[in-house]
Every structure is written in C-alpha cells, then in structure tokens.
Amino acid sequence: MGNLADRIGAKARNMSEMFERCGVAPAALVMDRLGFTLAAAARSCMLCPAEKECRLWLDLQGNRGRADPPSFCPNAGRIHRARELAL
C-alpha cells in the first residue's frame, strides 16, 4: 500500500484524471461554493475503497474523449452537477 504521502498522491492523481476525463476541470471547482465542492470531492476520493478499480477504469478510458463517471465513483454526482453548471 505504500506510505501515506504516496497514497495521497495516487488518490489526488486519480481524482484529477477522473474529473478531467469526465469533462470537468478540477481547478474550476475551487470557485464553486467557496472551494467546499473541491474539498468535499477530495475527501470523498480519499475515503473511497475503489482505488484499484478507479485506476483501471482511467487506464482503460485512454483518449476516448469525455466519459461519464463510473457508478463506483463517489464523486459521480459532483461531476454531473459540475457539467450542468458548466464549472
């Protein structure tokens, strides 16, 4: 599992890639609700038990363009909301 810093880095990369792959710029979330949306997304990702499934899903997506988030992603609702609000 590695040390804590490595795990946090891996989760942060996965979250960033997931949002970008799904058509949402993570940096745009900083402005939504005074940054609470980004903080909540990061917290959800850090607590998510599907780290391996997430990495596999991201790797399988390749450069297919914008995708819908997988059902196991705890941030799927945030991704859909951000798309609706064009964040």
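Preceding this paragraph is the structure being described.
A quick note: this is a predicted structure, and the numbers were derived from the prediction, not measured.

1. Topic: the side chain of N14
Part 1 of the reasoning: Secondary-structure assignment places N14 in helix α1 (residues 4–21).
Part 2 of the reasoning: Not counting residues within four places of it along the chain, the set of residues in contact with N14 comprises E51, C54, R55 and L58.

2. Some details on α1
In an α-helix, one turn spans 3.6 residues, which is why side chains three or four residues apart end up on the same side.
Part 1 of the reasoning: Taking 1.5 Å as the rise per residue, α1 with 18 residues should run 26 Å; its terminal C-alpha atoms sit 25 Å apart, in good agreement.
Part 2 of the reasoning: Every buried residue of α1 is accounted for by G9, A10, K11, N14, M15, M18, F19 and R21.
Part 3 of the reasoning: The opening residue of α1, the one whose side-chain oxygen lies 3.1 Å from the backbone nitrogen of A5, is N3.
Part 4 of the reasoning: Just downstream of α1, G23 is the residue with a positive phi angle, here 85°.

3. Section: a nonpolar patch on the surface
Part 1 of the reasoning: A surface patch of nonpolar side chains, about 410 Å² in accessible area, is lined by L4, I8, M46 and L47.
Part 2 of the reasoning: When contributions to the nonpolar patch are tallied by element, the ones reaching two or more residues are α1 and α2 (36–47).
Part 3 of the reasoning: Of the residues examined, L4 reaches a relative accessible area of 62% and is grouped as exposed.

4. A closer look at helix α4 (residues 76–85)
Part 1 of the reasoning: Within α4, the full set of buried residues consists of A76, I79, A82 and R83. The buried residues of α4 occupy an angular sector of 125° when projected down its axis, which confines them to one face.
Part 2 of the reasoning: Where α4 ends, the next residue or the one after it, A86, has phi of about 55°, a positive value.

Scoring rules and cut-offs
- Residues numbered from 1 in each chain as written.
- Predicted model: local features only at pLDDT ≥ 70, side-chain atom pairs only at ≥ 80, totals over all residues.
- Heavy atoms only, no water.
- Helix = DSSP H or I, 4+ residues; strand = E, 2+ residues; numbered from the N terminus.
- Contact = heavy atoms within 4.5 Å.
- Expected span 1.5 Å × (residues − 1).
- Buried < 20%, exposed > 50% of the residue type's maximum accessible area, 1.4 Å probe, protein only.
- Polar contact = N/O pair within 3.5 Å; in protein donor to acceptor, adjacent residues only side chain to side chain.
- Patch = residues over 30% accessible without salt bridge, like charges linked within 9 Å, V, L, I, M, F, W, Y side chains within 5 Å.
- Areas by Shrake-Rupley, 256 points an atom, 1.4 Å probe, with all protein chains shown as cover.
- Salt bridge = Lys/Arg side-chain N within 4 Å of Asp/Glu carboxyl O.
- Arc of directions from axis to C-beta.

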